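# Architecture and fold: a report
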Amino acid sequence: MSKYLSPRLSSLKEYTPGEQPRDKKYIKLNTNESPYPPSPKAIAAITRSQTEDLRLYSDPECKNLKQAIADYYNVSIQNVFVSNGSDESLNFFFMAFCDEERKVCFPEISYGFYKVFAGLYGLDYEAIPLKSDFSIEPSDYMNRGKNIVIANPNAPTGLALSINDIEAIVKSNPDYIVVIDEAYVDFGAESAVELTKKYNNLMVVQTFSKSRSLAGARLGFAIADSEIIKDLEKIKYSTNPYNINRLTLLLGEAAISDTEYFELNRDSVIKAREYTESELIKLGFTVLPSKTNFVFAKSDDISGEKLYKELKDRGILVRHFNDKKICEYNRITIGTMEEMKTFIKTVKEIIG
Ligand SMILES: *Cc1c(COP(=O)(O)O)cnc(C)c1O
């Protein structure tokens, strides 16, 4: 830390991304990326001439991309905000809507970035414990008198709330914003997008990083009442009006239009997830029922940390968290069926 850093940030604890080691070629099951390349239509959208156009600024209104997202979700273009990864939508939410008056709460075990954003803005947040089975207790969030952020399905547990529970939470907090972070919703949970038409305090956030194979392009979006979208736009025009680069605009537009390819890959991931769950259970693991592209699992025969290390030594990366409440678990991203067969074979070798 330099002596110049504002004291306001001196105790900020930044986000730690999953490791991306370059020392050898790993089977990468640690950052919930898709094992499949982006849609061929997205790849074809990046032509030489589009690349030459990078000399020009991108469309600050992101009109074509917003329209494609609006069409896909059957909402109006005024209800769509697009961001540089969904992390940016989340960042703008904390920046725009949370303060001393309007505090924020989220599950104690959830996406690690929520605490980081709260810290960045000096917010006094509340982390609400999960139940002993790692599920979220919906009644903990009813009439809470605070802004609320819930990842649904939650990470790293993979567990999802029903749409009825989400609606009850949104309905009981009309004076506060409820953010539903649906980074993993495409892998089997119910989306709350339809509810944004009924409730003006609901902000649904999604990403192209997981189910649409565009993690490296950095593209996410929010769907909400048009007044909330206008507030997000105000922040965007006050930080980075060209927040989505020209190539990513094209990639996103093509990817969201290629429903067939999307469904094919999603189904492959779900199939490989079901295989992985059932094989791990056969090996005596406790596996939380996942609605995502990862599984959260622990074994009584080996500690979470040891399994993580042994797998890494054998060229397979999974995500281990040091937090005491979850350190016996590993979060295993679902790769291709072939990768998951190698993973299971390797786990068998390790636990003997
Ligand atoms: C991956 C993830 C995100 C962020 O993804 P971006 O790459 O920034 O779009 C947001 N929320 C959760 C719960 C995630 O797992």
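The structure we're discussing is the one just above.
Residues numbered from 1 in each chain as written. Predicted model: local features only at pLDDT ≥ 70, side-chain atom pairs only at ≥ 80, totals over all residues. Heavy atoms only, no water.

Attention now goes to the site of the ligand. Close contacts around the ligand come from Gly85, Ser86, Asp87, Tyr111, Asp181, Ala183, Tyr184, Thr207, Ser209, Lys210 and Arg218, and that covers them all. Within the backbone of Ser86, an N or O atom sits 2.6 Å from an oxygen atom of the ligand. Between Thr207 and the ligand, the recorded distance is 2.5 Å, taken from a side-chain N or O atom to an oxygen atom. Out of a free accessible area of 390 Å², the ligand has 93% covered by protein chains. (Near = heavy atom within 4 Å. Polar contact = N/O pair within 3.5 Å; in protein donor to acceptor, adjacent residues only side chain to side chain. Areas by Shrake-Rupley, 256 points an atom, 1.4 Å probe, with all protein chains shown as cover.)

Moving on, we get to the sheet that holds strand β8 (residues 220-224). Here seven strands make up an open sheet; going across it, the order is β2-β8-β7-β6-β5-β3-β4 and the pairing mixed. The open sheet is flanked by β2 (80-83) and β4 (126-128), the only strands paired with a single partner. Taken over all neighbouring pairs, the strand axes of this sheet differ in orientation by 20 degrees on average, direction set aside. Its contacts with the sheet place helix α3 (residues 63-73) against β2, β7 (202-207) and β8, and it is angled at close to 125 degrees to β2. (Pairing = 2+ DSSP bridges. Helix = DSSP H or I, 4+ residues; strand = E, 2+ residues; numbered from the N terminus. Axes fitted to C-alpha atoms, helices over the stretch in contact; angles between N-to-C directions. Contact = heavy atoms within 4.5 Å.)

What follows covers the side chain of Asn293. Within the secondary structure, Asn293 is located in the loop between β9 (286-287) and β10 (294-298). Looking at Asn293, its side chain comes within polar contact range of the main-chain oxygen of Asn32, at 3.0 Å. With residues up to four places along the chain from it excluded, the contact list for Asn293 reads Asn32, Glu33, Tyr184, Phe187, Lys210, Val269, Ile332, Thr333 and Ile334.

Here we come to the environment of Pro174. Within the fold, Pro174 resides in the loop between α6 (163-171) and β6 (178-181). Take Pro174: its relative accessible area is 53%, and that puts it in the exposed class. Measuring from C-alpha to C-alpha, the distance between Pro174 and Thr292 comes to 29 Å, with 118 residues separating the pair along the chain. (Buried < 20%, exposed > 50% of the residue type's maximum accessible area, 1.4 Å probe, protein only.)

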